Each structure stands twice: as structure tokens, then as C-alpha cells.
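Next come the chains, spelled out residue by residue.
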Amino acid sequence: GDSVTQMEGPVTLSEEAFLTINCTYTATGYPSLFWYVQYPGEGLQLLLKATKADDKGSNKGFEATYRKETTSFHLEKGSVQVSDSAVYFCAPRPGGFKTIFGAGTRLFVKA
Amino acid sequence: ETGVTQSPTHLIKTRGQQVTLRCSSQSGHNTVSWYQQALGQGPQFIFQYYREEENGRGNFPPRFSGLQFPNYSSELNVNALELDDSALYLCASSLDTDISSGANVLTFGAGSRLTVL
């Protein structure tokens, strides 16, 4: 069945460090791929998305590239800030009705 | 535009009771999905409603049921509550012109936190 695996957390970084959160998925067909973020005390919100192979989604300095050959959608940011502290969810949507969420990766950024 | 609103925000029930959670979708959205998020876990898909019909269902027993109304708002009902039903229940709406398309973004509410004692 469809599934997603993302890097376990928590991840603790110093401000201005480089961030990578790995995500791989198993899905039939060609899913759309999303990263959602949950800031402390807030609901889930879309961070970025990519809908076809080799697309790059980007937002707020975060980027992720749809890699069909490796079924991956790793999240990266060149220089994290304290305000990026949150839980990040990789979420493929294989088409049809269901978006699948990973377990989430908690990021702590220290000043 | 208004976002997704859920009620109640918190509630406490005892085993065996029934609960109804409510969701108003974002203005202009026609599809509602419900998710269960246990503490420290990712959201698990319960079901989705499109055009007032259940469009798909996750691995949840029949005591989890729902409705969608003509104004696209929705309810989640859980009967015979169990301790393991304690979780954050998330409603998400989207605009689906083609339900088979995977490109549609979910807009989430803040959730209803259910505690079963």
C-alpha cells in the first residue's frame, strides 16, 4: 500500500545551519508531493508542493525536489532561523481522495 | 476569506459514550477530509466527503461515521468510544474540481482534542 517514511527527530540545529529532512514514499502512479508544517500552538499548514517529476517546490527559503527515480522529496533550507522551529510532515497524495502523512520531524533551532 | 473552523476545541468523554465533532470548511471549498492525530504521530486519514457522499475511507471501524451538508460543512461521529480514540481530530477542506486529481492543497482547522477516560 501507499506509505511515507521521513527522518526521525528531533533535529536540533543552531541558527543559520543547513537543514535537510529526508522523505521517501511508496505510492502507485505519480503522486503529488507536499510538505506541511505545524508551528507550536497552530494547525497544520502547507509549506510547499510539487506535482510532477523534477518539479521544485519552494517557500520561505525551504525547497524540495520531486525525485521520481528515487521516490524522494527531501526538504532543505540553507540557513534556518529560530522561527523555523516546528514539526514538518512529508505528505504524498497518490491521486483520488487520500493524502498520506509521515510521522513528522520536530525541528528545534537554537539562537 | 474565512478558514476552517472546528468545534468544540476540547472535550472529555468516558468509554462507551458517543461524540460529534463539527467542521466548517473554508469558503469556496467543496471537499472535507477528517484525520486523527495521536500525540507525537502524523495525521491518519479517516475519510473524505465530496458532494455530500463519502468518497474514500481509511482503516477505521464503522463506529467512525460522518456527514457533509449542502453548505459543505461536515460532522464526524464516533460511537462506543474507546480509550485509544483519545487524539486530536483534524478537519481539512479543499477545492476539488476533479476528485481524481492529486494536486489539491488541504487547508486544516486547529482541531478538536478528544480525551476518553
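These numbers were taken from a predicted model, which means no experiment stands behind them.

Draft legend 1. Highlighting the sheet that holds strand β8 (residues 74–78) of chain B. Residue and element names in this part refer to chain B. The strand order across the open sheet built from four strands is β1-β3-β8-β7, with neighbouring strands paired in antiparallel fashion. Edge positions in the sheet fall to β1 (5–7) and β7 (64–68), since each of these pairs with one other strand and no more. Here the average twist between neighbouring strands, direction ignored, is 15 degrees. Taken together, the three bridges between β1 and strand β3 (residues 19–24) define a ladder with antiparallel strand orientation. Note that in β3 the partner of Gln 6 across the bridge is Cys 23.

Draft legend 2. Looking closely at the state of the cysteines. Enumeration over the complete set of coordinates arrives at two disulfides over all chains. The partner cysteine of Cys23(A) in its disulfide is Cys90(A), sulfur to sulfur 1.9 Å. Across the S-S bond linking Cys23(A) and Cys90(A), the dihedral sits near -65 degrees, which makes this disulfide left-handed. With Cys23(A) in strand β4 (residues 23–26) and Cys90(A) in strand β10 (residues 86–93), this residue pair connects regions lying 67 residues apart in the sequence. Note on Cys23(A): relative accessible area 0%, which makes it buried. Linked covalently through their sulfurs, Cys23(B) and Cys91(B) form a disulfide whose S-S length is 1.8 Å.

Draft legend 3. Highlighting the nonpolar core. Leu19(A), Trp35(A), Leu47(A), Leu48(A), Leu75(A) and Tyr88(A) are the most contacted members of the largest nonpolar core, which has 26 residues in total. With 20 residues, the next largest nonpolar core counts Val4(B), Cys23(B), Cys91(B) and Val116(B) among its residues.

The rules we used
- Residues numbered from 1 in each chain as written.
- Chains lettered and ligands numbered in written order.
- Predicted model: local features only at pLDDT ≥ 70, side-chain atom pairs only at ≥ 80, totals over all residues.
- Heavy atoms only, no water.
- Pairing = 2+ DSSP bridges.
- Helix = DSSP H or I, 4+ residues; strand = E, 2+ residues; numbered from the N terminus.
- Axes fitted to C-alpha atoms, helices over the stretch in contact; angles between N-to-C directions.
- Disulfide = S-S within 2.5 Å.
- Buried < 20%, exposed > 50% of the residue type's maximum accessible area, 1.4 Å probe, protein only.
- Core = buried A, V, L, I, M, F, W, Y, C linked by side-chain atoms within 4.5 Å.

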